[in-house]
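Reading the structure
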Amino acid sequence: MKKRLLGEKIGLKIELNRINFLFFFLFLSSEVFPHIPINGFCKFNSYNFSPGYSKFFSLNFNNDSYSDLILYDPSSNRIAAIQGEKNESFLEEKNFEFPFHLSNLAPIREKNNEIKNYAFTSRKNLTAGICEFSLDGKPQVTHQLTFKSYPEKLSTADIDGDFNQEILLSGSAFEGLSILNFDGKNLSERIVKSKGSYTDAIFLDLSNDGFPDITAVNLLSNSLEFLFNDGRGNFKIVRTISLSNKARNLHSFDMDLDSYQDLIFLEGNKIKIIYGDFSASYSKQIEIETKYPPNDFIIGDFNRDGRIDLAYLSSDASVVAVIFAENDYKFFTEIPILHKEEMKSMIPFYSKFIHGLAVLSDDGTLLTNTRLSHISADLDLSLAIKPSTISFFDANTDEINDICFIDTFDKNLKLIIRNNEGIPSNYFSIPLRGNHNQIEIRNYSKQSTTFFCYSAGKKLVEVVEVWFKTGKFFRGEFYSARPITEVSPVLSDNEKVFVSSVVNNRLTIEIFEKEESWKLLTDFNISEKVISADLSSLNGLKLFFWNLDGDSIKLFKKTFLPEELKADLVLTIKMKNISNFFTKADDFHNLEKESIISFVESNEKHYILVSYDGFINIFNAAEVNKNLMLKDLNQLFVGEIRPNGTRRLIINNYSDQNVYRLNILRKGKKIAFTKLLENINAENYFVKNMTVNNFHFIYINQDRRCISVREI
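Note that the coordinates shown come from a computational prediction; the quantities given were computed from them, not determined experimentally.

1. Looking at the sheet that holds strand E9 (residues 78-82)
Read from one edge of the open sheet, four strands run E7-E8-E9-E12, paired in antiparallel fashion. Each end of this open sheet is capped by a strand with a single partner; those strands are strand E7 (55-59) and strand E12 (94-97). Across the sheet, the mean angle from the axis of one strand to that of its neighbour is 25 degrees, orientation sign disregarded. Relative to strand E8 (residues 68-72), E7 runs antiparallel, the two sharing five bridges. Residue pairing in the sheet places Leu59 in a bridge with Asp68 of E8.

Next comes the structure, spelled out in structure tokens:
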């Protein structure tokens, strides 16, 4: 059905009831938030294996180029062997029985650094020993010893220079400290400390003489004990460091890359680093207070910048966060990267061309976060824990599309800046006061980008102005007089923001302008009986809105910029019993002026209204796409899907989880839908070219809890 547009102006009795009062806010004082160099450390993947495993171990049991995994749980003797493949993939798990309830594993290195054997402990079975794995991951215990107490923790090193690695045993319920000697044939125990309880003990070279010493956590005295090696494998306590809180998860690593081993451990809700030096004084130390209670942590150069970083797992908060090193003794603010309930353990994960970490959940889900080397057709990104909305911007005015989103997990606006290769390279996180679900972005200048954060139906608008070259941020906020429907920032003679509100079918527009401060210039009472409205900043600023008038609906257009004009009645259509109405105004026909596309439900039937240069066409939605169902405006996006192409309407269809493009043919006389993607569970998205020529659907993936990129 086609109807001629009515172009005459009419005098609306509801038109322009102006209220001239001032309402303003000042920008808060500027702050500097450092950009954190993630350098691509945001590639997300997940895999599903059998549930019930709480720990896992990375090894290479088939001696190829890819890391394999052993999944196990101390309460059971079953294990799962998983073979790693190329492209960060795994074969199906193989299940075996271990002779004991496995507590921990550690590699035993031979003279040529080859690993054939592994040390193990079984706390439940009071056993420790040596095992090996066949090419398919099947375990075999070759040597074992049984104790009168409960061995749990392991550390391996060659303590006497005979090219055979010894095994250090400890545990909170293990009596003292013991070393197991393995000469290639026989396994024997040597007691280092016959009394005491040590929750952790590790080999490391404290005295810098080339022979590994021992650092142990004494549970009863709550202290670190240093035991020096005389070079023949005999140990003696030489120093004790008292601790404020119980220490756990003791590690050693050269954190500042000065060739001296440092101590890293958890103490309360902090990660503590005690730095080694040439005199073995261990006098310099720092503490990193984590936002969430840490259960475990790992160490590595995750962003490959030559500095040593940290990552920790908080099971209580169901989050993994990474802490990148800023320099040798200073760290950036932590970045939450992964989120899942019942995460149990975490390990460094390295394979061929793979650098990152892996996390195991109780339900058998394995999550990995690794370094992204290139933009592929389909990929998933971490960094988003509970995102509510996502959009794009151009930070450096370099025609490289960057990503922004609001994370309700910590109420922060998060910005991901991509480098010339399109790899996410820098990360910003700016605290917000409210939990918002909408972002509007405007580049008022080439040097800055302004983000307007708000929620539909609420009154608060938070404004964040970012100067990326200097790292300065200006934050502020203002309130609308009524619940917000839409925010549209524009640049005319001054920076302006238009805020629309439709409350009880009453449409109003507030205009805020920035001078030295933002102030409310004018509050327009536009119309009553409004059922749908949309602001367009295509050329200036225009407002399109539909009125319900008896058994008819009427479309109006009001221009605000470049100059204010009275509202025009555009057309009238006979239609009644309206229940849902969604409208988008844009240049859908490449005519350098707006046309409208509306979705309306009337008498339980769904219609699509499409205007074209003076005409309106009405289509029965069921006849062009029987699965189409619109519930909210977040399903709609308008933009190019080809370089310099016509702007298209994209629909994320909830009912069949497909993404469609609406094609307008024969000057609006015909429409058709093209399926772009399928199996998409997205609540918020945008479409943009993430490479030079290829456009992508970037969305908040509800199933995988990440940001997903899919080429269209």
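Back to the write-up after that little detour.
2. Brief notes about the side chain of Lys496
Checked against the element boundaries, Lys496 lands in strand E46 (residues 495-503). The class for Lys496 is buried, based on a relative accessible area of 10%. Side-chain polar atoms of Lys496 contact the side chain of Glu513, separated by 2.9 Å. Those residues in contact with Lys496 that lie beyond four places of it in its chain are Tyr444, Ser488, Pro489, Val490, Ile511, Phe512, Glu513, Trp518 and Leu521.

3. Quick look at a positive patch on the surface
A surface patch of positive charge is lined by Arg666, Lys667, Lys669 and Lys670. Residue placement: Lys669 occurs in the loop between strand E59 (658-665) and strand E60 (670-677).

4. Some remarks on the confidence of the model for the protein chain
Overall, the predicted model of the protein chain reaches an average pLDDT of 92, with 96% of residues at or above 70. Across residues 1-29 the pLDDT falls below 50, and counting only partners more than four positions away or on other chains, this stretch makes 88 contacts in the model.

5. Remarks on the packing of aromatic side chains
Summed over all chains, the structure comprises 30 aromatic pairs. Summarising the aromatic geometry, the rings of Phe226 and Tyr282 are spaced 5.4 Å apart at their centres and angled 70 degrees between planes, so their arrangement reads as edge-to-face. Here the residue Phe226 occupies a position in strand E21 (residues 223-229), and Tyr282 occupies one in the loop between strand E25 (270-275) and strand E26 (284-289), the gap between them amounting to 56 residues. The class of Phe226 is buried, set by a relative accessible area of 1%. Owing to a relative accessible area of 2%, Tyr282 belongs among the buried residues under this scheme. Across from the ring centre of Tyr53, 4.2 Å away, lies the NZ or CZ of Arg78, which sits over that ring. Directly above the aromatic system of Tyr329 lies the positively charged group of Lys284, at a separation of 4.5 Å from the ring centroid.

6. Considering the pairing of strand E45 (residues 486-491)
Of all six residues making up E45, five are buried, and the element is well covered by its neighbours. Across six bridges, the pairing between E45 and E46 is antiparallel. Bridge pairing in E46 links Val487 to Val499.

7. Re the environment of Gln702
Summarising the element assignment, Gln702 is placed in the loop between strand E62 (695-701) and strand E63 (706-711). C-alpha separation for the pair Gln702 and Asn681, spaced 21 residues apart in sequence, amounts to 5.9 Å. In this structure Gln702 touches Asn681 and Glu683, once residues within four positions along its chain are discounted.

8. Notes on empty space enclosed by the protein
One pass over the structure, following the stated rule, counts five cavities of 30 Å³ or more. Of the pockets and cavities examined, the largest cavity occupies roughly 110 Å³. Lining the largest cavity are Asn580, Phe582, Phe599, Val600, Glu601, His606, Tyr607, Ile608, Ala621, Leu628, Met629 and Leu630. Counting residues per element, the ones that place at least two in the lining of the largest cavity are strand E53 (578-586), strand E54 (595-602) and strand E55 (605-612).

9. Looking at the domain arrangement of the protein chain
For the protein chain, the assigned domains are domain 1 (387-479), domain 2 (484-574) and domain 3 (580-711). Taken over C-alpha atoms, the centre of domain 1 sits 25 Å from the centre of domain 3. Residue-level contacts link 12 residues of domain 1 with 11 residues of domain 3. When domain 1 packs against domain 3, the two sides together hide about 1000 Å² of surface, and 68% of this comes from carbon and sulfur. Ranking the residues of domain 1 by area buried against domain 3 places Ile390, Phe392 and Asn401 at the top, with a combined share of 51%. If you look at where domain 1 meets domain 3, you find zero salt bridges. Here domain 1 and domain 3 share five residue pairs in polar contact (both at pLDDT 80 or more) between them. Of all the elements in the fold, those that place two or more residues in the side of domain 1 that touches domain 3 are strand E37 (387-393) and strand E38 (402-407). With six residues, the single largest contributor to the side of domain 1 that touches domain 3 is E37. Among the residues making up the side of domain 1 that touches domain 3, the classes are represented as five nonpolar, six polar and one charged.

10. Thoughts on the nonpolar core
In terms of nonpolar packing, the biggest core is built from 52 residues, with Val320, Phe324, Ile335, Ile337, Leu357 and Phe697 touching the most fellow members. Excluding anything up to four places from it in sequence, Val320 contacts Tyr312, Leu313, Ile335, Pro336, Ile337, Leu338, Met343, Met346, Leu357 and Val359. Among the nonpolar cores identified, the runner-up in size contains 22 residues, and Ile264, Ile299, Ile323 and Ile385 belong to it.

11. Details of the pattern of salt bridges
Tallied over the full model, the rule gives 28 salt bridges. Here Lys514 ties to Glu465 by a salt bridge, and the two come within 3.4 Å at their closest N and O atoms. With Lys514 in strand E47 (residues 506-514) and Glu465 in strand E43 (residues 460-467), this residue pair connects regions lying 49 residues apart in the sequence. One salt bridge connects Lys542 with Glu594, and the closest N-O pair in it is separated by 3.7 Å. One end of the pair, Lys542, is in strand E50 (residues 541-549); the other, Glu594, is in the loop between E53 and E54, with 52 residues separating them in the sequence. Comparing Lys542 with Glu594 shows no difference in burial state: the two are buried. Each of the salt bridges in this network shares a partner with another, and the network as a whole consists of Glu267, Lys270, Lys272 and Glu287.

12. Things to note about the side chain of Asp407
Its location among the elements puts Asp407 in strand E38. The exposure class assigned to Asp407 is buried, which follows from its relative accessible area of 0%. Of note is the side chain of Asp407, whose polar atom sits 3.0 Å from the backbone nitrogen of Phe409. Once residues within four sequence positions are removed from consideration, Asp407 is found in contact with Leu383, Ala384, Ile385, Lys386, Pro387, Asn412 and Lys414.

What counts and what doesn't
- Residues numbered from 1 in each chain as written.
- Predicted model: local features only at pLDDT ≥ 70, side-chain atom pairs only at ≥ 80, totals over all residues.
- Heavy atoms only, no water.
- Pairing = 2+ DSSP bridges.
- Helix = DSSP H or I, 4+ residues; strand = E, 2+ residues; numbered from the N terminus.
- Axes fitted to C-alpha atoms, helices over the stretch in contact; angles between N-to-C directions.
- Buried < 20%, exposed > 50% of the residue type's maximum accessible area, 1.4 Å probe, protein only.
- Polar contact = N/O pair within 3.5 Å; in protein donor to acceptor, adjacent residues only side chain to side chain.
- Contact = heavy atoms within 4.5 Å.
- Patch = residues over 30% accessible without salt bridge, like charges linked within 9 Å, V, L, I, M, F, W, Y side chains within 5 Å.
- Areas by Shrake-Rupley, 256 points an atom, 1.4 Å probe, with all protein chains shown as cover.
- Salt bridge = Lys/Arg side-chain N within 4 Å of Asp/Glu carboxyl O.
- Lys, Arg positive; Asp, Glu negative; His and termini not counted.
- Charge placed at Lys NZ, Arg CZ, Asp CG, Glu CD.
- pLDDT = per-residue confidence, 0-100.
- Phe/Tyr/Trp six-rings, centres within 6.5 Å; stacked < 30°, edge-to-face > 60°.
- Lys NZ or Arg CZ within 6 Å of the ring centre and 35° of its normal.
- 1 Å grid on protein atoms, 1.4 Å probe; cavity = no way out; pocket = protein on both sides within 12 Å on 5 of 7 lines; lining within 4 Å.
- Points joined across faces, edges and corners; volume = space filled by probe spheres on them.
- Domains from an automatic or database assignment.
- Buried area = accessible area lost by both parts, 1.4 Å probe.
- Nonpolar A, V, L, I, M, F, W, Y, C, P; charged D, E, K, R; others polar.
- Core = buried A, V, L, I, M, F, W, Y, C linked by side-chain atoms within 4.5 Å.

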